[in-house]
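# Structure assessment
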Amino acid sequence: MSQLVDRIQEGGPVFMIPLVLIIIAIVVLFIIALLGKKKILHVYQLIGHLSLFGMIWGFLGSTLGLISAFDAIESIGNVSQPMFAGGIKVALLTTVFGLITFLIGRIAMLVLTIKSQMSTSVDAS
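Scope of this entry: the structure provided in the associated data block.

With that out of the way, let us pick up the packing of helix α2 (residues 13–35) against helix α3 (residues 40–76). Orientation of α2 relative to α3, taken along the N-to-C sense of each, is 165°, at an axis distance of 10 Å. When the axis of α2 is compared with that of α3, the two are roughly antiparallel. Of the two possible hands of crossing, α2 and α3 adopt the one that is left-handed. In terms of residue class, the contact of α2 with α3 is made up of 19 nonpolar, 4 polar and no charged.

It is worth spelling out the packing of aromatic side chains at this point. As enumerated under the stated definition, the model contains 2 aromatic pairs in all. Seen in terms of ring centroids, F15 and W57 are 4.9 Å apart; in terms of plane orientation they differ by 40°. Their pairing is tilted. One end of the pair, F15, is in helix α2; the other, W57, is in helix α3, and 42 residues separate them in sequence. For F15, a relative accessible area of 15% puts it in the buried group. Ring centres 5.7 Å apart and planes at 25° place the aromatic pair F53 and W57 in the stacked group. You can see F53 and its partner W57 sitting in helix α3, 4 residues apart, about one turn around the helix. Residue class for F53 comes out partly exposed when judged on its relative accessible area of 44%. Ring pairing ties together the aromatic residues F15, F53 and W57, which thus form one cluster.

Along the chain, V5 turns up in helix α1 (residues 2–11). Between the C-alpha atom of V5 and that of M16, which follows or precedes it by 11 residues, the distance is 10.0 Å.

The tally for this structure, following the rule as stated, stands at 2 salt bridges. A salt bridge links R7 to E10; the nearest nitrogen and oxygen atoms lie 3.0 Å apart. Separated by 3 residues within a single helix, R7 and E10 lie in helix α1, roughly one turn from each other. Classification of R7 as partly exposed rests on a relative accessible area of 28%. Where E10 meets K89, a salt bridge forms, and the shortest distance between an N and an O atom there is 3.5 Å. Note that E10 is positioned in helix α1 and K89 in helix α4 (residues 81–124), a separation of 79 residues in sequence. A relative accessible area of 32% means that E10 is categorised as partly exposed. Here the residues in one salt-bridge network are R7, E10 and K89, joined through shared partners.

Attention shifts here to the environment of P82. Among the secondary structure elements, P82 is positioned in helix α4. Taking the C-alpha atoms as reference, P82 lies 15 Å from L92; in sequence the two are 10 residues apart.

One can find S51 in helix α3. Excluding residues that lie within four positions of it along the chain, S51 makes contacts with I26, T101, F102, G105 and R106.

About the thresholds
- Along each chain, residues carry numbers from 1 onward, in the same order as the chain's sequence is written.
- Local features in this predicted model are restricted to residues of pLDDT 70 or higher, and side-chain atom pairs are both shown and tallied only at a pLDDT of 80 or more, whereas totals for entire chains, interfaces and linings draw on every residue.
- Side-chain measures here rest on the full set of heavy atoms in the structure, leaving out hydrogens and waters.
- The axes are straight lines fitted to the C-alpha atoms, using for helices just the contacting stretch, and the angles between their N-to-C directions are given from 0 to 180°.
- A run of DSSP states H or I qualifies as a helix once it reaches four residues; a run of E qualifies as a strand once it reaches two. Both are numbered from the N-terminal end.
- For classification, angles of less than 35 degrees are called roughly parallel, those exceeding 145 degrees roughly antiparallel, those between 65 and 115 degrees roughly perpendicular, and all remaining angles oblique.
- By convention the crossing between two helices is left-handed if the near helix lies anticlockwise of the far one by an angle smaller than a right angle, and right-handed if it lies clockwise.
- Residues are grouped as follows: nonpolar covers Ala, Val, Leu, Ile, Met, Phe, Trp, Tyr, Cys and Pro; charged covers Asp, Glu, Lys and Arg; every other residue, Gly included, is treated as polar.
- Aromatic pairs are defined between Phe, Tyr and Trp rings, using the six-membered ring for Trp, whenever the two ring centres lie within 6.5 Å; interplanar angles under 30 degrees are classed as stacked, those over 60 as edge-to-face, and all others as tilted.
- Relative accessibility under 20% of the residue-type maximum defines a buried residue, over 50% an exposed one, and the middle range a partly exposed one, all with a 1.4 Å probe and only protein chains included.
- The rule for a salt bridge is simple: a side-chain nitrogen of Lys or Arg has to be within 4 Å of a carboxyl oxygen of Asp or Glu.
- Residue contacts follow a heavy-atom distance rule, with two residues in contact if any of their heavy atoms lie within 4.5 Å.

In short, geometric facts, not functional conclusions.
Shown next, in the form of structure tokens:
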């Protein structure tokens, strides 16, 4: 758990905390849909939008992180390999979290689609 918190801090709280909140929102919406508390179609669409937003937010964080890293490298001039590699690693953390958010959302959508189709086929019988 502490490693996860470390990664969130390394990736920058401005981008990482919203991604974690989006993951939590997707999981909560998924559970609500499975329990049948809301219409699946509305939850399905919301999960889709949240997962896409999370992925784009992660890419935006990476892009801004890389621009900042290259600005720092440009101003210093002579940069060591570990420093360069560390900067790229930090910039890519938001991409990884964004892609994880997208995957969680898409898996939830897949399960809800299967559930919807199964309930439709049972109702038709």
